[in-house]
Each structure stands twice: as C-alpha cells, then as structure tokens.
Amino acid sequence: MNQETTTAVVASPLAPEWLSLPEDVNRVETKLWAQDVARNDAGELAISGIPVSELAAEFGTPVFVISETDFRARARSFKAAFDAAFAELCGGVDVYYAGKSFLCTEVARWVRQEGLRLDTCTGGELAVAARAGLPGELLGLHGNNKSDAEIHRALDMDLGRIVVDSLDELERLAGIAAERGSVAKVMLRLTPGVHASTHEFIATAHEDQKFGLSLAADDDGTSPAGRAVAAALAAGSIDLLGVHCHIGSQIFEPEGFAVAAERLLGFLATVQDEHGVALGELDLGGGYGIAYTEADTPRPPAEIANAMAAVVHDTCTALNIKVPRISIEPGRAISGPAGFSLYRAGTTKTVQVDAGTGSFPRRYVSVDGGMSDNARPVLYDADYSAVLASRASTAEPVISRVVGKHCESGDIVVRDVYLPA
Ligand SMILES: *Cc1c(COP(=O)(O)O)cnc(C)c1O
C-alpha cells in the first residue's frame, strides 16, 4: 500500500534456527510469562497491574519478580491434576515443590497453603522451611553429601523423609539416628539407568554421574540399590518408606518417566519377593520441561499425570503388586514461568560478525547484573528470552545479545533475542 510497509525487515543470519523474526517485537509471549504479566495502556510491562518502573523504583535492579497468583495457580494445577489421575490407583499424590528452583519463606508458605509439601537439599533450605513455619512432616531432604549437622537438623525437625543417596550415607544416618534413640524415615534414591534427553549436567539417572544408588548388578550379582534395601531393613533406626528417582530436568518427552517408573516398580516387586516387604512409596521426581524460549512446548500437568498414571497402573497389574503411594517433585514447572528478572539496560554496542556469507551486525545490550543472578546460561548453555519492559517501541527488531556486567566474556544472560533497534 504505502512505501513504509514494504520495507522488509529480514531475519538475521546470526539468529539460531529456532528463533523467528517477531512480527511484533513488543509481544509478550503467553507461555514464557506469568499469567498476570502484560503491557499496560502506556506500553509498559506490568505484573498484576504494577508497572515494572514502580518495582524498579521501590526495590532497585536487578530484581527477581515472582507472581504469587501465577505461582499458586501452577502449584494448584499440579496437585489437582495428579490427585485426579491417581485418585483410584492410590488415593492421590504427594507433590513436593523442589525448593532449589526458587525458595524463600514467603514461597514456602504459598507451597504449604496450596496443599503441597517441600523438597529441600541443604540445611539452609531446611532453615527457610522452619522459619516459614512448615512442620517437618511436610519436608523431604535430598543431597548426595549431607553433613552430620544437616542429618541432625533433619532428625531434630522429625522430617517426613530423608532421601538417602548412597550406602555410605545410609550407614552414617543409621548410626546417628541410633545414637539419638530416634528412627529416621527414609527413601532410597535409585538410578534407573535412564539417560534423559537433556543437557549432560541436568540428566541425573544414568550410571556415570554422582547421584543415587544403581539398580545394575555388580560382579557378585547384587546391586547397590539391593544392598541398600537389605541394610535399611536390617537397621532398627531406619524406617524404609520406599524408593525415589529423579531422571533430570527440562524433559518434554514422557518416555523417560515411563521407563523409570517401570524399572522402579520392577525393583519394588523384587524387594517384595526377596524380603517379603511391600514398600509403600514411590517418588518419581521432577523435571517437567518449561518454555524458556518460543521453541519450547511444555505439556500441561494433566497430560503428564494421565500418562504416568497409565504406566503405573499397567506395570503394577503386570507385576501383580499393590500400587504404592506416588509422589512427585516439580520445581521449575511451578516457579519458572511465574517469575522474571528485571534488569536495567545500560551500554549498548554493535559488533560486526562474520557469518560465512558476509558480515552482519549483532547488538550487545549490557544489563546491571548477569551470571551472578542468572547462572544457567553460563552453566548449561541455556537459552532464554527477553523483552524491552519499560516501554513499547516502534523500532524494527535487531538480533541482540543481552550480557551482564562481569569481567567474563561468557557472562551472557540471553544469547539470542530480537530486541527493538
Ligand atoms: C532439581 C530437582 C528437582 C526439580 O527439577 P525441575 O526440573 O525443576 O522440576 C526434583 N527433584 C530433585 C531430586 C532435584 O534434584
């Protein structure tokens, strides 16, 4: 029609394949943001009606912003979906929010009020839970190297479960509990040998990594998992509740969870044959993938829950065992989309990058934080997304890289994103 609308903005050859040129660079993509985040009439990003400039003025930047509404809704939807899917099988599911995805006393209170429990993995997280008033029975303690002090603290708080990661730890825990004249409630963390298709450092159930007790038999025909069960059942100071696995994070495909559930249920059947004991609990961990960029497509909790319930039902029927009480440990699927980091943009710089077919501009946008507050891009090469929050812009999109202020060239917050020029 007119001259301006025919000026084509073209995708940059520097953009990765998954990143599309946005039609509207101001768009707030629903799956990446909390449900109560939107641009207001002035074009500024607002959360529950509060413009980000107000948050920046009150709290400074950088600041983590968490939507209580959205966090609670996600917590509730996991609990409701799994309770519904497992109602007939085992009366419902215990949902442990994985505190390592984000924890503070206020979040711990939301978790409890929404009917969830809390998964911790350090003495510090136990202290936060205690400060928030959560009773020990609602808490689990993870960790592959729990200190004696952490074990004492867990026993002081009479924790609902201590998830034991090794034979070494089992012996230490049994000794400490015996000395105190108490009984520790224990789950055993097993590695079912599933290598989840995710980044190497967040896949946690194959053999060659630090977590858990292997199901694979050694030369003598026994497995670390089998030996741990025998030792736990023999220890007077251990109450063995059941077994646990967590196969990794950012998992979108249901197959990994299904195979892990089958192997652990098979193990419970073996324990029943060998020891005449039906262990009552099975924890299938967390790891449900979320959208960090437009390329990720998370599955709704109900779909995950129904798929898992079908596997548990079929496997228990085939093995002829009673369905154990099921628990899960979602972390980021509850806290991730509910939050964002608010930075102030400072220096911008355009560099020319040789892309084989020529040289193309890339815009570097420096913010007042970086790898100090968002470590995942540096740790895992994780991709993220970003928008200009303080205003809507009419400028065309340019391929940009959001970087921090630290003296490391790896200090990248968002590797590839189109931002307004
Ligand atoms: C990290 C972790 C989780 C949560 O993982 P998400 O990917 O955030 O769901 C659950 N359980 C254990 C043991 C973990 O280490």
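For the structure itself, look to the data block above.
Fair warning: this is a prediction, and the values are worked out from it, not measured in the lab. (Residues numbered from 1 in each chain as written. Predicted model: local features only at pLDDT ≥ 70, side-chain atom pairs only at ≥ 80, totals over all residues. Heavy atoms only, no water.)

### Considering the nonpolar core
One finds Phe-82, Phe-86, Leu-173, Leu-188, Ile-238, Tyr-288 and Met-308 to be the most contacted residues of the largest nonpolar core, which totals 93 residues. For this core, the element with the most residues is helix α9 (residues 255-275), which contributes ten residues. For this core, the domains that each give at least three residues are domain 1 (30-66 + 340-420) and domain 2 (68-335). Setting aside residues no more than four positions away along its own chain, Tyr-288 makes contact with Phe-78, Phe-82, Gln-250, Ile-251, Phe-257, Ile-304, Met-308, Ile-328, Pro-330, Arg-332 and Ala-333. Grouped together as the second largest cluster of nonpolar side chains are 16 residues, Val-28, Trp-33, Leu-45 and Val-65 included. (Core = buried A, V, L, I, M, F, W, Y, C linked by side-chain atoms within 4.5 Å. Buried < 20%, exposed > 50% of the residue type's maximum accessible area, 1.4 Å probe, protein only. Helix = DSSP H or I, 4+ residues; strand = E, 2+ residues; numbered from the N terminus. Domains from an automatic or database assignment. Contact = heavy atoms within 4.5 Å.)

### Things to note about the packing of helix α5 (residues 123-131) against helix α6 (residues 148-156)
Between α5 and α6, whose axes approach to 10 Å, the crossing angle comes to 25°. Taken together, the axis directions place α5 and α6 in an arrangement best described as roughly parallel. Between α5 and α6 lies a crossing of left-handed hand. Within the contact between the two elements, α5 uses Gly-123, Leu-126 and Ala-127 and α6 uses Glu-150, Arg-153 and Ala-154. Looking at the contact of α5 with α6 residue by residue, the classes come out as three nonpolar, one polar and two charged. (Axes fitted to C-alpha atoms, helices over the stretch in contact; angles between N-to-C directions. Parallel < 35°, antiparallel > 145°, perpendicular 65-115°, else oblique. Left-handed = near helix turned anticlockwise from the far one by under 90°. Nonpolar A, V, L, I, M, F, W, Y, C, P; charged D, E, K, R; others polar.)

### So, α6
Burial in α6 covers these residues: Glu-150, Ile-151, Ala-154 and Leu-155. One face of α6 carries all of its buried residues, which in axial projection span an arc of 135°. Set apart from the buried face of α6 by more than 90 degrees, the exposed residues are Ala-149 and Asp-156. Of the residues trailing α6, Asp-158 is marked for its positive phi of about 50°. (Arc of directions from axis to C-beta.)

### Here we look at the environment of Ser-385
Mapped onto the elements, Ser-385 comes out in the loop between α12 (376-380) and β17 (397-403). Judged by its relative accessible area of 31%, Ser-385 is partly exposed. Separated by 32 residues in the primary sequence, Ser-385 and Val-417 place their C-alpha atoms 6.2 Å from one another. Only 2.8 Å separates the side chain of Ser-385 from the backbone oxygen of Tyr-292, close enough to count as a polar contact. (Polar contact = N/O pair within 3.5 Å; in protein donor to acceptor, adjacent residues only side chain to side chain.)

### Remarks on the packing of aromatic side chains
Inspection of every chain in the model, using the stated rule, returns ten aromatic pairs. Relative to Phe-102, the ring of Phe-64 has its centre 6.4 Å away and its plane inclined at 85°; by these criteria the two rings are edge-to-face. Placement of the pair is Phe-64 in strand β4 (residues 63-66) and Phe-102 in the loop between β5 (93-98) and α4 (105-113), with a sequence separation of 38 residues. Classification of Phe-102 by relative accessible area gives partly exposed; the value is 25%. By way of ring pairs, the aromatic residues Phe-78, Phe-82, Phe-86, Phe-257 and Tyr-288 are connected into one cluster. One residue, Arg-189, lies across the ring of Phe-211, its end atom 4.3 Å from the ring centre. (Phe/Tyr/Trp six-rings, centres within 6.5 Å; stacked < 30°, edge-to-face > 60°. Lys NZ or Arg CZ within 6 Å of the ring centre and 35° of its normal.)

### Observations regarding the sheet that holds strand β1 (residues 37-39)
Strand order across the open sheet formed by three strands is β1-β2-β3, with antiparallel pairing between neighbours. Each edge of the sheet is formed by a strand with only one pairing partner; in this case those strands are β1 and β3 (50-51). Inspection of the sheet shows β1 paired to strand β2 (residues 45-47) by three bridges, in the antiparallel sense. Residue pairing in the sheet places Ala-38 in a bridge with Ala-46 of β2. (Pairing = 2+ DSSP bridges.)

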